[in-house]
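Letter by letter, the chains look like this.
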Amino acid sequence: MELELFLLMLIPGLIVGFIFGFILQRGRFCMNSAFRDIILLKEYKLVKGVALAIGVQMIGFSILILAGAVTQNPKPFTVFGNIIGGFVFGIGMVLAAGCASGTTYRVGEGMVGSFVALIGLGLGAYMTKSGILSSTSTALKTTITDGDGNNLTVAGVATPIVMLIIGIVILGVFVYFHLLPALKSRKEAKESILDFSDMKTKIFKKSYPWWVAGTAIGILNCVAWLSSAAAGRNYPLGITSGWLGWLNFSVTADEAALNWLLFMVAGVILGAFIAALISKEFKLRIPKQGKTLLIQFAGGLIMGFGAVTAAGCNIGNLLSGVPMLSVGSIVTSAFIILGCWLMAYLLFMREKE
Amino acid sequence: MVDIKETLDVRGEVCPYPDVKSKRKVKKMNSGEVLQILVDYPLSAERIPETMKSLGHELISVEKKGDAEWEILVKIK
């Protein structure tokens, strides 16, 4: 591999990953929690953060596409690949106690169970991509494209414009229902509207409110797409393919397995580690019961199968793919949420007493 | 000095067991009693106090005891 290309993957990948991991840790930004807590705790903060990130990305991505900085690259619609892959992924993430990104950032916090789940995720993905599960996974996929053989999006040729419009609507809803009321109450309390005091504590020590984490991740993913495209990978953030790539590279020593994403995911662990260290939240934590580790490992394996079958995890499909209006990503995301709800109901909501 | 009636140690529990176990515990306690919750999972350390307040219980304190360790004191309504 040329040194120049390698450095383009290595350094920007690590930097984007580092910032991503930092925000995930400080924002406690886990999609398993986000969706599960809607039904379990009637708590909507994290899911609002996810929606805001998607809105910001719809605006950012459409501008990048319209400006010609990147080309549209929606994921395929494979019908049962998306439906079953998504559903299975949703079940797996409840068992693993974290989605693909949530599991990755928690490794940096020192959670041993998440480390075990991550090994499961990589292994499950590898088995599904090129091992004993690949025929099952392939059999589920019937790719449906548009008339010209392009991957299906909701709005066809008008996609970038529709993305921009939906993004502006989402941002408008956020400003009207959250930002303006918040500013008004600050004004009434005679607080200054923009409070830049003590920024060091706010960035490094305190946890981020949902709207800060959501906006920051949305903006970061636009930068991520540019940075990734410059290194020859035309797609925004993902997680599972990164770990799959590491496993592939470490087993085969094939340089072709290396790309921007591998260094990005490594950066996530590093960023979360530093964020946890600074805020004194790093500690090696081992689940009390041994069986929890086994359940988390199984959850990881299941997530790996789901992510490869659906052509993406909660980051590749839900965070990065939904803003591109990919039909496959939207269907996958809906079934990730349904799988998560089913498993959360079975595990936590039926009264045992 | 708060008179702690019971302690729930959910350190080492994975998401969302600290929250689920805390909710189940307070259901079984009597009005006026104080529950001490020990937790080492950051998201739960922020989410449990919110949940307790929304359930109507009185949040006495949330104190960081060390690296990734918090003590939450709740008075049952």
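Residues numbered from 1 in each chain as written. Chains lettered and ligands numbered in written order. Predicted model: local features only at pLDDT ≥ 70, side-chain atom pairs only at ≥ 80, totals over all residues. Heavy atoms only, no water.

Okay, a nonpolar patch on the surface next. Judged by side-chain polarity, A:Leu66, A:Ile161, A:Ile165, A:Val169, A:Val173, A:Val175, A:Tyr176, A:Phe177 and A:Leu180 come together as a nonpolar surface patch covering roughly 880 Å² of accessible area. Counting residues per element, the nonpolar patch draws most heavily on helix H8 (residues 159-188) of chain A, which supplies 8 residues. (Patch = residues over 30% accessible without salt bridge, like charges linked within 9 Å, V, L, I, M, F, W, Y side chains within 5 Å. Areas by Shrake-Rupley, 256 points an atom, 1.4 Å probe, with all protein chains shown as cover. Salt bridge = Lys/Arg side-chain N within 4 Å of Asp/Glu carboxyl O. Helix = DSSP H or I, 4+ residues; strand = E, 2+ residues; numbered from the N terminus.)

Core analysis: the biggest nonpolar cluster contains 95 residues, and A:Phe20, A:Met31, A:Phe35, A:Leu237, A:Ile239 and A:Met264 have the highest contact counts within it. For A:Phe35, the residues in contact, after removing those within four places along its chain, are A:Val47, A:Met93, A:Leu318, A:Ile337, A:Cys340 and A:Trp341. (Core = buried A, V, L, I, M, F, W, Y, C linked by side-chain atoms within 4.5 Å. Buried < 20%, exposed > 50% of the residue type's maximum accessible area, 1.4 Å probe, protein only. Contact = heavy atoms within 4.5 Å.)

A word on the pairing of strand S2 (residues 34-39) of chain B. Residues and elements named next belong to chain B. In terms of burial, S2 is a largely internal element, 6 of the 6 residues being buried. Burial along S2 is two-sided: Val34, Gln36 and Leu38 and Leu35, Ile37 and Val39, pointing in opposite directions, are all buried. Pairing of strand S1 (residues 4-9) with S2, which is carried by 5 bridges, proceeds in the parallel orientation. What sits directly across from Asp9, in S2, is Leu38. In terms of handedness, the path from S1 via helix H1 (residues 17-28) over to S2 forms a crossover that is right-handed. Where S2 and strand S4 (residues 69-75) come together, 6 bridges link them in antiparallel fashion. Counterpart to Val39 in the pairing with S4 is Trp70. (Pairing = 2+ DSSP bridges. Right-handed = clockwise from strand over helix to strand, strands pointing away.)

Now for the packing of aromatic side chains. Residue and element names in this part refer to chain A. Applying the stated rule across the entire model yields 10 aromatic pairs over all chains. Taking 5.7 Å as the distance between ring centres and 90° as the angle between the ring planes, the aromatic pair formed by Phe6 and Phe263 counts as edge-to-face. Taken as a pair, Phe6 in helix H1 (residues 3-27) and Phe263 in helix H12 (residues 260-278) lie far apart in primary sequence, 257 residues in all. Judged by centre distance (6.5 Å) and plane angle (65°), the rings of Trp246 and Phe249 are edge-to-face. Of this pair, Trp246 and Phe249 both sit in helix H11 (residues 240-252), 3 residues apart, which is roughly one turn of that helix. Here the aromatic residues Phe6, Trp246, Phe249 and Phe263 are joined through ring pairs into a cluster of three or more. The ring centre of Tyr235 lies 4.5 Å from the NZ or CZ of Lys75, which sits over that ring. (Phe/Tyr/Trp six-rings, centres within 6.5 Å; stacked < 30°, edge-to-face > 60°. Lys NZ or Arg CZ within 6 Å of the ring centre and 35° of its normal.)

All names here are of chain A. Secondary-structure assignment places Ile11 in helix H1. For Ile11, a relative accessible area of 45% puts it in the partly exposed group. Expressed as a C-alpha distance, the spacing of Ile11 and Leu261, which sit 250 residues apart in the sequence, is 11 Å.

In this section: the interface of chain A and chain B. Listed by partner, the interface residues are 29 residues for chain A and 29 residues for chain B. Of the roughly 2400 Å² buried where chain A meets chain B, counting both sides, 53% is carbon and sulfur surface. It is A:Leu41, A:Lys288 and A:Phe348 in chain A that bury the most area against chain B; as a group they hold 23% of the surface buried on that side. At the junction of chain A with chain B, the criterion picks out 5 salt bridges. Note that B:Glu69 is salt-bridged to A:Lys283, the shortest N-O span being 3.3 Å. In this assembly, chain A and chain B are joined by 13 residue pairs in polar contact (both at pLDDT 80 or more). Breaking the side of chain A that touches chain B down by element, the ones donating at least two residues are helix H2 (31-40), helix H3 (45-66), helix H5 (100-109) and helix H13 (290-309) of chain A. Broken down by element, the residue count for the side of chain A that touches chain B peaks at 4 residues, all from H2(A). (Buried area = accessible area lost by both parts, 1.4 Å probe. Polar contact = N/O pair within 3.5 Å; in protein donor to acceptor, adjacent residues only side chain to side chain.)

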